[in-house]
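# An overview of the molecular structure
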Amino acid sequence: VTPEKLEEGMAMFIPGGVPHVIENMGRQTPAVLLDAFVPMGPERVFRDPTDPAGRAAFEVIRDGGGAAAPGAPAPWVVANAAKVEPIAIAGGKAHVRKLLTPELTHSEAAYLGILEADPGTEIPRHLHPISAEILYAVTGTGLLNIGLEPVPFGPDTAIHIPENQPHSMMINGTDKAFMIQLFAPAGPEQRYVPTGSGPKPTKGTP
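Residues numbered from 1 in each chain as written. Predicted model: local features only at pLDDT ≥ 70, side-chain atom pairs only at ≥ 80, totals over all residues. Heavy atoms only, no water.

### Focus: the nonpolar core
Among the nonpolar cores identified, the biggest contains 23 residues, and L144, F153, M169 and M179 are the most heavily contacted of them. Those residues in contact with L144, other than ones at most four positions away along the chain, are L135, E149, P150, V151, F153, I159, I161, S168 and M169. Grouped together as the second largest cluster of nonpolar side chains are eleven residues, A81, L99, I114 and L182 included. (Core = buried A, V, L, I, M, F, W, Y, C linked by side-chain atoms within 4.5 Å. Buried < 20%, exposed > 50% of the residue type's maximum accessible area, 1.4 Å probe, protein only. Contact = heavy atoms within 4.5 Å.)

### What to know about the pattern of salt bridges
Where side chains of opposite charge bring their charged atoms close, a pairing between them can arise. Throughout the structure, instances matching the rule amount to four salt bridges. For K5, the salt bridge identified is with E7, shortest N-O distance 3.4 Å. E7 sits in the partly exposed class, given a relative accessible area of 48%. Of the charged contacts, one joins R44 and D51 as a salt bridge, the two residues approaching to 3.0 Å between their closest N and O atoms. Look at R44 and you get partly exposed, because its relative accessible area is 33%. Of the residues examined, D51 reaches a relative accessible area of 13% and is grouped as buried. (Salt bridge = Lys/Arg side-chain N within 4 Å of Asp/Glu carboxyl O.)

### Remarks on the sheet that holds strand β12 (residues 177–184)
Across the sheet, which stays open at both edges, the six strands sit in the order β3-β4-β5-β12-β7-β10 with antiparallel pairing between neighbours. The sheet is open, and its two edges are formed by β3 (87–89) and β10 (157–161), each paired on a single side. Direction aside, the axes of adjacent strands within the sheet are offset by 25° on average. (Pairing = 2+ DSSP bridges. Helix = DSSP H or I, 4+ residues; strand = E, 2+ residues; numbered from the N terminus. Axes fitted to C-alpha atoms, helices over the stretch in contact; angles between N-to-C directions.)

### Some thoughts on the pairing of strand β11 (residues 167–171)
Along β11, four of the five residues are buried, which leaves the element largely enclosed by surrounding structure. In this structure, strand β6 (residues 122–126) lies alongside β11, joined through three bridges in antiparallel fashion. Across the sheet, residue I123 finds its bridge partner in β11, namely M169. In the sheet, strand β8 (residues 142–146) pairs with β11 via five bridges, with the strands oriented antiparallel. Paired with I146 across the two strands is H167, which belongs to β11.

### Focus: a nonpolar patch on the surface
A surface patch of nonpolar side chains, amounting to about 210 Å² of accessible area, comprises L6, M12 and I14. On the secondary structure map, L6 appears in the segment before β1 (10–13). Judged by its relative accessible area of 42%, L6 is partly exposed. (Patch = residues over 30% accessible without salt bridge, like charges linked within 9 Å, V, L, I, M, F, W, Y side chains within 5 Å. Areas by Shrake-Rupley, 256 points an atom, 1.4 Å probe, with all protein chains shown as cover.)

### Focus on the packing of aromatic side chains
Overall, the coordinates contain three aromatic pairs when judged by the stated rule. Ring centres of F37 and F46 lie 6.4 Å apart, and the angle between their planes is 45°; this geometry places the pair in the tilted category. On the accessibility criterion, F37 (25% relative accessible area) is partly exposed. Both rings, one in Y111 and one in F183, keep their centres 5.6 Å apart while their planes meet at 20°; by these two values the pair is stacked. In this pair, Y111 is assigned in strand β5 (residues 111–117) and F183 in strand β12, connecting sequence segments 72 residues apart. Classification of Y111 by relative accessible area gives buried; the value is 1%. Residue classification places F183 among the buried positions, given a relative accessible area of 0%. One aromatic cluster in this structure is built from F37, F46 and F58. (Phe/Tyr/Trp six-rings, centres within 6.5 Å; stacked < 30°, edge-to-face > 60°.)

What follows is the structure, given as structure tokens:
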């Protein structure tokens, strides 16, 4: 399998059970990646390498062995944010870029996209009946009201919003907010409907 070169602004979907390795080819500059597992489990080995559930979900393959047998190329998908049409929301004060959708990944397990919001943007109170939401703020500051609890956030903040939990958001800083948004399972992103045509995510082995 030909290695895939990942650069800033790119997202990759790797199906469960597919052998893979990540290597920083920059050598001199640290690579910073946001890693999400759906369902959760493999991340447990990062906290405790001896955790039995984590070890069962995170198998290190040595000497070409392992449970996965060679076969057809893995149906991975790579999306580049720079090539995805932004969709206007919140009266044009915010935009969404839908990166990894079920239409691309052929999996309903999760959706991943980018949310950019100008200062003063308000996302009205709403909920996702069967989908949990994770927001990771890269830049910007704001206030999430989850249920009855106000949750302030700033750069490098990750927030988990359980399914069926009413929430709203206000961007209250002076800088644009740049957030990575994940729904598990996918579905709520369907309300983001583009008004025109434009570049779509590309690359993958179906």
